[in-house]
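Listed below are the residues making up each chain.
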Amino acid sequence: MTHPVLVITGGSRGIGAATALLAAERGYAVVVNYVGNVAAAESVCARIHAAGGQAVAVRGDVANPEDVEHIFRAADRMGTLAGLINNAGVVDVAQRVDEMSFERLTRMFAINITGSFLCAAAAIKRMSTRHGGKGGVIVNLSSAGAKLGSPGQYVDYASAKGAIETFTVGLALEVAGEGIRVNGVRPGIIETDIHASGGEPDRVARIAPTLPLKRAGTAEEVARAIMWLVSDESSYTTGETISVSGGRAIAP
Ligand code: NAP
């Protein structure tokens, strides 16, 4: 039996890993993309295989067009592409805008914005009825930062996620007549490695008590929202970005 294929960028850790595990549980064959942490990606795949599912770890930088082709060719070998989760994302250390280097900004926008565009283009070429495909879904990862702006911390990251929300609206309307739904998820403070990679391992513990729901979210809670948008349960929803932020993205 062939399983519908889902490409999850940054599927090796955090929200992407939780989504890969849930997707496999729901019958998807999963491409677990990673950029450096092969052990983490292999471990996600091993857990999926142990449960009887299908998964393959594929290295590739989403900001590199050749790597993106490599990721999607791996998906083609698994079966018919049914969806893309544009999840890979990075933050950087806390800085004011007037301290940010050109190199930092270039990396931030290349991975968080250009990477999502490149992966979406590769997915559309396979899924759009305009290209002979059978339709599909795309889910983009935004952030509460898109609403809050993240002043004094990472306005560059927040702005990249703002771009992702506009991308979600525009792309959804562009491919709505081609069998593809495009939506987004806007996480708040979620317990993953991303905070340590921004130089703030204590960020979750510091902010969690101040959140409306008085706790951080888990990667699994975000994964469930992502998989709702992938599923037919959301069949009439497109162009939306839904908050999974414990109230953070809407609190005054
Ligand atoms: P994470 O734990 O730091 O994991 C990041 C993942 O992205 C890893 O799998 C990493 O691969 C991969 N990655 C990084 N750069 C990549 C690149 N250039 N090409 C391909 N893969 C790359 O992150 P997370 O917290 O799960 O975040 C996932 C998404 O949710 C991101 O878009 C993030 O901005 C968004 N988000 C997270 C939070 C939060 O509080 N955690 C809040 C709002 C939004 P390796 O394992 O190989 O390094």
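This text follows the structure it describes.
Model, not experiment: these values are computed from the prediction. (Residues numbered from 1 in each chain as written. Predicted model: local features only at pLDDT ≥ 70, side-chain atom pairs only at ≥ 80, totals over all residues. Heavy atoms only, no water.)

A. Molecular detail of the overall build of the chain. In terms of helices and strands, the chain carries nine helices and seven strands. Here the C-alpha radius of gyration of the chain, 17 Å, is about what a compact globule of 252 residues would show, namely 18 Å. With the C-alpha coordinates of the chain rotated into their principal frame, the extents come out at 50 × 40 × 35 Å. The burial tally for the chain puts 52% of its 252 residues in the buried class. Long-range pairs, those at least 24 residues apart, make up 72% of the contacts in the chain with a sequence separation of at least 6. Total accessible area computed for the chain in this model is approximately 11,500 Å², and 54% of it derives from carbon and sulfur atoms. For the chain, the centre of its 23 positive side-chain charges and the centre of its 24 negative side-chain charges are spaced 3 Å apart. (Helix = DSSP H or I, 4+ residues; strand = E, 2+ residues; numbered from the N terminus. Rg over C-alpha atoms; globule rule 2.2 N^0.38 Å. Buried < 20%, exposed > 50% of the residue type's maximum accessible area, 1.4 Å probe, protein only. Contact = heavy atoms within 4.5 Å. Areas by Shrake-Rupley, 256 points an atom, 1.4 Å probe, with all protein chains shown as cover. Lys, Arg positive; Asp, Glu negative; His and termini not counted. Charge placed at Lys NZ, Arg CZ, Asp CG, Glu CD.)

B. The sheet that holds strand β7 (residues 241-244), seen in detail. Taken in spatial order, the seven strands line up as β3-β2-β1-β4-β5-β6-β7 in an open sheet, and their pairing is parallel. If you trace the sheet from one side to the other, it starts and ends with β3 (55-59) and β7, each paired once. Direction aside, neighbouring strands of the sheet carry axes that sit 20° apart on average. Summarising the sheet, strand β1 (residues 5-8) and strand β4 (residues 81-86) pair through four bridges and their orientation is parallel. Paired with Val5 across the two strands is Leu81, which belongs to β4. The sheet strands contacting helix α9 (residues 219-230) are β1, β4, β5 (136-141), β6 (180-187) and β7, and the helix crosses β6 at an angle near 165°. (Pairing = 2+ DSSP bridges. Axes fitted to C-alpha atoms, helices over the stretch in contact; angles between N-to-C directions.)

C. Spatial organisation of the packing of aromatic side chains. A full pass over the atoms with the stated rule returns two aromatic pairs. Note on Phe117 and Phe167: the rings are 4.1 Å apart at their centroids and 20° apart in plane angle, and the pair reads as stacked. Highlighted residues: Phe117 in helix α4 (residues 102-127) and Phe167 in helix α6 (residues 155-175), separated in sequence by 50 residues. (Phe/Tyr/Trp six-rings, centres within 6.5 Å; stacked < 30°, edge-to-face > 60°.)

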